[in-house]
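Descriptive structure summary
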Amino acid sequence: LLEQLSKYNLHHGGISDETVIITPENTVMLTGFAIQDLRTKNDHIAYKLYDGFSAPEQYCSDKFQGGYTDIYALACLIYYAVTGKTIDKAVLQSKDIYRQFPKYAVEALKYATQDNSKDRIDSVTDFVLMLDDKGTVIKSKDKKAEKETDSKKYLVYGIIALVVIAVLLL
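A short tour of the structure in this document, coming up.

1. Quick word on the environment of leucine 10
By the secondary structure assignment, leucine 10 is in the loop between α1 (2–7) and β1 (20–22). Placed 56 residues apart in sequence, leucine 10 and glycine 66 show a C-alpha to C-alpha distance of 7.9 Å.

2. Overview of the pattern of salt bridges
Counted by the stated rule, this structure contains four salt bridges. We note a salt bridge from lysine 89 to aspartate 115, for which the minimum N-O separation is 2.8 Å. With lysine 89 in helix α3 (residues 89–93) and aspartate 115 in the loop between α4 (103–112) and α5 (124–131), this pair connects stretches of sequence that are 26 residues apart. Residue arginine 99 pairs with aspartate 96 through a salt bridge whose shortest N-O separation is 3.0 Å. Assessed through its relative accessible area of 69%, arginine 99 is described here as exposed.

3. Digging into the packing of aromatic side chains
If you walk through the whole model with that rule in mind, you get two aromatic pairs. Between phenylalanine 53 and tyrosine 80, the ring centres sit 5.6 Å apart and the planes meet at 70°, which makes this aromatic pair edge-to-face. Of this pair, phenylalanine 53 sits in the loop between β2 (28–30) and α2 (67–83) while tyrosine 80 sits in helix α2; the two residues are 27 residues apart in sequence, bridging distant segments of the chain. Phenylalanine 53 gets classed as buried once you look at its relative accessible area, which sits at 3%. By relative accessible area, which is 28% here, tyrosine 80 ends up partly exposed. Where tyrosine 79 meets phenylalanine 101, the ring centres are 5.9 Å apart and the plane angle is 15°; that geometry is what we call stacked. Linking tyrosine 79 in helix α2 with phenylalanine 101 in the loop between α3 and α4, this pair joins segments that are 22 residues apart in sequence. On the basis of relative accessibility, which here comes to 3%, the residue tyrosine 79 falls in the buried class.

4. Topic: the nonpolar core
Judged by nonpolar contacts, the single largest core of 30 residues is most densely connected at Ile15, Phe101, Leu109 and Phe127. Broken down by secondary-structure element, the contributors of at least two residues to this core are α2, α4 and α5. Ranked by residue count, the leading element in this core is α2, at nine residues. Setting aside chain neighbours within four positions, we find phenylalanine 101 in contact with Ile78, Tyr79, Val82, Thr83, Val106 and Leu109.

5. So, α5
Side chains that are three or four residues apart share a direction in an α-helix, a result of its 3.6 residues per turn. Among the eight residues that make up α5, eight are buried, leaving the element largely enclosed by the rest of the structure. All of the buried residues in α5 are Val124, Thr125, Asp126, Phe127, Val128, Leu129, Met130 and Leu131. Measuring from the side-chain oxygen of the N-cap residue of α5 to the backbone nitrogen of threonine 125 gives 3.2 Å; that N-cap residue is serine 123. The first or second residue beyond α5 is aspartate 133, which carries a positive phi of 60°.

Rules behind the numbers
Residues numbered from 1 in each chain as written. Predicted model: local features only at pLDDT ≥ 70, side-chain atom pairs only at ≥ 80, totals over all residues. Heavy atoms only, no water. Helix = DSSP H or I, 4+ residues; strand = E, 2+ residues; numbered from the N terminus. Salt bridge = Lys/Arg side-chain N within 4 Å of Asp/Glu carboxyl O. Buried < 20%, exposed > 50% of the residue type's maximum accessible area, 1.4 Å probe, protein only. Phe/Tyr/Trp six-rings, centres within 6.5 Å; stacked < 30°, edge-to-face > 60°. Core = buried A, V, L, I, M, F, W, Y, C linked by side-chain atoms within 4.5 Å. Contact = heavy atoms within 4.5 Å. Polar contact = N/O pair within 3.5 Å; in protein donor to acceptor, adjacent residues only side chain to side chain.

Right under this line is the structure:
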C-alpha cells in the first residue's frame, strides 16, 4: 500500500503504534490518514506527531516530506514491535542490538532512520529487501541512493508480514 501511494506522491506521515491495527483475523490495517499539515509541526493547524515514530523533518514546517518519511516511521514501528521500546539511535550503534536483530536488519533500520532524509531508504520495496537480506543500498558520493536488488517481486505485503510476525513474537 505504501509503495503504491508513494507512486502518486501520497504519504501517510503518521505511522505509529497508534495507527496500525491488527484485526482478530490477523489482517494489518493502517488508519489515521491525514493531510500533511496535520503531520507537520506548524502554526496553521493542530498537528499530531508520534514521539518515537515521527521523522525529524516532521518537526519543521519548512522541510519536504516524502516516502522516506513513512519508511522512517515503519522502521521505528518494526523496532517497537520486536523490542517493545521506541527506537534509540545509540542502541542501533551498539552491539546489543544484534541480540534482537540480524546484522542485515540492523543495517536496514540504520538506513531507514537516518536523520537526514536524503540519506534514507525511500522505497518500501528496498527496505523490505534489506530486512529480508535480499538487497542492499549503496550510497554514492553525492548521497543519492543507487539501488541494488536481487528480486523485484517483493511488495508491501512483505512488510505487512514482517510486522505481523514481529507482533506475534511479542
